[in-house]
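Listed below are the residues making up each chain.
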Amino acid sequence: MHTRRIGDVQVSAIGLGGMPMSIEGRPDEARSFATIHAALDAGVTLIDTADSYHRDAHEVGHNETLIAKALASHDLGKDVLVATKGGHLRPGDGSWTLDGSPRHLKEACEASLRRLGVEAIGLYQFHRPDPRVPYAESVGAIRDLLDEGKIRMAGISNANPERIRQANDILGGRLVSVQNQFSPAFRSSEPELRLCDELGIAFLPWSPLGGISRAGELGSAYAPFARVAEAHGVSPQRVCLAWMLAQSPVVVPIPGSSRPETILDSLGASDLVLTAEEIAELDAV
């Protein structure tokens, strides 16, 4: 497994997104553990989660708790950077709400610390801007958590270029990651990716394969990915992640998975080398 950097930490070039293991349609715990353990055995050292990755209202932090248990039961668990997020909520009816208030973010961080069973969270990210709260106040709370040693590194998610620069200023140049949606179906985060490349900030594409319900259709939806996949004898999904890795050394995709076979296929992208012609063809999609 090749590696990339988030802040001062070397991580696997591809991480594991934990959300599918905790929301609607989730598998049983045994399969989730098997998925996480397969990823660890294959060299994954980055797992992405959030306190809002749960299904029912009473189980906030379900995914954090699941990941903490899975890591504690594996010898390689101690070597993993767990990235979690706060500021997004799920009332339990399938909808998503926001609370970017400093009070909520600090309380959410404390709860995540308890669920993960750590003294400091490796990477804590403000999940999504709350239009009711000035962005500077929300990021200021993340800065306070960083200064207090509650988190080791700070990131933001779902941010435009202006907010990336603003957050980095508020954090005193300590912004290490931006987690935005990016996939063949969602290319509008390319300006944010280029800015992260310029600033040396890790860019973590979420839903890099198009989302839980559409990932399996990537090849049929985008013929160039299928053509390149056939030429290499691999899946279109693997080609997609290799294409992302080729965009910039700051890109660290975090494909979500709930089955060992899918995360292992995704991880093969780390070793898949695309030609300049293939990358240009995929760029043009």
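What comes next is a walk through the structure. (Residues numbered from 1 in each chain as written. Predicted model: local features only at pLDDT ≥ 70, side-chain atom pairs only at ≥ 80, totals over all residues. Heavy atoms only, no water.)

Points about the overall build of the protein
Counted only if it meets this: Counting from the N terminus, the helices are DSSP H or I runs at least four residues long and the strands are E runs at least two residues long. Radius of gyration means the value over C-alpha atoms here, while the globule rule gives 2.2 Å times the residue count to the 0.38 power. Here's how the labels work: a residue is buried when its accessible area is under 20% of the maximum for its type, exposed when over 50%, partly exposed in between, all with a 1.4 Å probe on protein chains only. Contacts between residues were defined by any pair of non-hydrogen atoms, one from each residue, lying within 4.5 Å. Note on areas: these come from Shrake-Rupley sampling with a 1.4 Å probe, and a residue is covered only by the protein chains present in the view. We score Asp and Glu as negative and Lys and Arg as positive, and we do not count His or the chain ends. In this description, the location of a charge corresponds to atom NZ of lysine, CZ of arginine, CG of aspartate or CD of glutamate.
Of regular secondary structure, the protein possesses 11 helices and 11 strands. Relative to the compact-globule value of 19 Å for 285 residues, the protein shows a C-alpha radius of gyration of 18 Å, a close match. Dimensions of the protein, computed from C-alpha atoms along their principal axes, come out at roughly 50 × 40 × 35 Å. Here the protein holds 285 residues, and 56% of them are scored as buried. Contacts in the protein between residues at least 24 apart in sequence constitute 73% of all its contacts with a sequence separation of at least 6. Surface summary for the protein: the accessible area is close to 11,600 Å², and the carbon and sulfur share equals 51%. Averaged over its 27 positive side-chain charges, the protein has a centre that lies 3 Å from the centre of its 37 negative ones.

Concerning the packing of helix 1 (residues 29-41) against helix 10 (residues 260-267)
This is how the line gets drawn: Fitted lines through C-alpha atoms serve as axes, helices being fitted only where they are in contact, and the angles separating the N-to-C directions of these axes extend from 0 to 180 degrees. Roughly parallel here means an angle under 35 degrees, roughly antiparallel means over 145, roughly perpendicular means 65 to 115, and every remaining angle is called oblique. Should the near helix be turned anticlockwise from the far one by less than a right angle, the crossing is termed left-handed; should it be turned clockwise, right-handed. Under the convention adopted here, Pro, Cys and the residues Ala, Val, Leu, Ile, Met, Phe, Trp and Tyr are nonpolar, Asp, Glu, Lys and Arg are charged, and Gly plus all remaining residues are polar.
Between helix 1 and helix 10, the least distance of the axes is 8 Å, while the angle of their chain directions is 25°. Viewed along their axes, helix 1 and helix 10 adopt a mutual orientation that is roughly parallel. Relative to helix 10, the crossing made by helix 1 is right-handed. In this structure, helix 1 uses A34, T35, A38 and A39 to contact helix 10, whose residues at the interface are P260, I263, L264 and L267. Across the contact of helix 1 with helix 10, the residue classes tally to 7 nonpolar, 1 polar and no charged.

Thoughts on the state of the cysteines
Note the threshold: Counting rule for disulfides: a pair of cysteine sulfur atoms within 2.5 Å.
Across all of its chains, the model carries 0 disulfides by this definition. Between C196, a cysteine without a disulfide, and C240, which holds the nearest cysteine sulfur, the sulfur-to-sulfur distance is 18 Å. C196 sits in the buried class, given a relative accessible area of 0%.

Digging into the pairing of strand 9 (residues 151-157)
As a reminder, the rule being used: Pairing between strands is defined by DSSP: at least two bridges between the two strands are required. Whether a crossover is right-handed depends on one test, that the path from the first strand over the helix to the second runs clockwise when the strands point away from the viewer.
Counting buried positions along strand 9 gives 6 out of 7 residues, so the element sits mostly inside the fold. Pairing geometry for strand 8 (residues 121-126) and strand 9, over 5 bridges, is parallel. Along strand 9, the bridge assignment pairs F126 with I156. Where the polypeptide runs from strand 8 across helix 4 (residues 135-147) and back to strand 9, its parallel neighbour, the crossover connection is right-handed. Sheet topology note: the strand 9/strand 10 (residues 175-181) ladder contains 4 bridges and is parallel. Bridge pairing in strand 10 places S157 opposite Q179. Taken together, strand 9, helix 5 (residues 161-170) and strand 10 constitute a β-α-β crossover, and its handedness is right-handed.

Structural notes on helix 3 (residues 102-116)
Note the following rule: Here the expected span of a helix is defined as 1.5 Å times the quantity of residues minus one.
In this model, helix 3 (15 residues) spans 21 Å end to end at C-alpha, consistent with the 21 Å of a helix rising 1.5 Å per residue. Looking at helix 3, one finds that the buried residues are H104, L105, A108, C109, A111, S112, L113 and L116. Positive phi shows up at G117, right after helix 3, with a value of about 70°.

Observations regarding the nonpolar core
The condition is simple: Each nonpolar core is a collection of buried residues, namely Ala, Val, Leu, Ile, Met, Phe, Trp, Tyr and Cys, held together in the definition by side-chain atoms within 4.5 Å.
I36, I142, I151, I156, I164 and W243 are the most contacted members of the largest nonpolar core, which totals 69 residues. At 7 residues, helix 9 (residues 236-247) tops the list of elements feeding residues into this core. Sequence-distant contacts of I151, defined by excluding residues within four places in its chain, comprise C109, A120, I121, Y124, I142, L145 and L146. Among the nonpolar cores identified, the runner-up in size contains 13 residues, and I6, V9, A202 and I254 belong to it.

What about the packing of aromatic side chains?
Note the threshold: Any two rings among Phe, Tyr and Trp, with Trp reduced to its six-membered ring, count as a pair given centres within 6.5 Å; such a pair is stacked if its planes are under 30 degrees apart, edge-to-face if over 60, and tilted if neither.
Inspection of the entire model under this criterion finds 5 aromatic pairs. Ring centres of F126 and Y135 lie 5.8 Å apart, and the angle between their planes is 45°; on these two criteria the pair is classed as tilted. This pair shows no difference in class: F126 is buried, exactly as Y135 is. Measuring from ring centre to ring centre gives 5.7 Å for F182 and W243, while their planes differ by 20°; the resulting arrangement is stacked. On the criterion of sequence distance, the pair formed by F182 in the loop between strand 10 and helix 6 (190-199) and W243 in helix 9 is long-range, its members being 61 residues apart. Grouping residues by exposure puts F182 and W243 together as buried.

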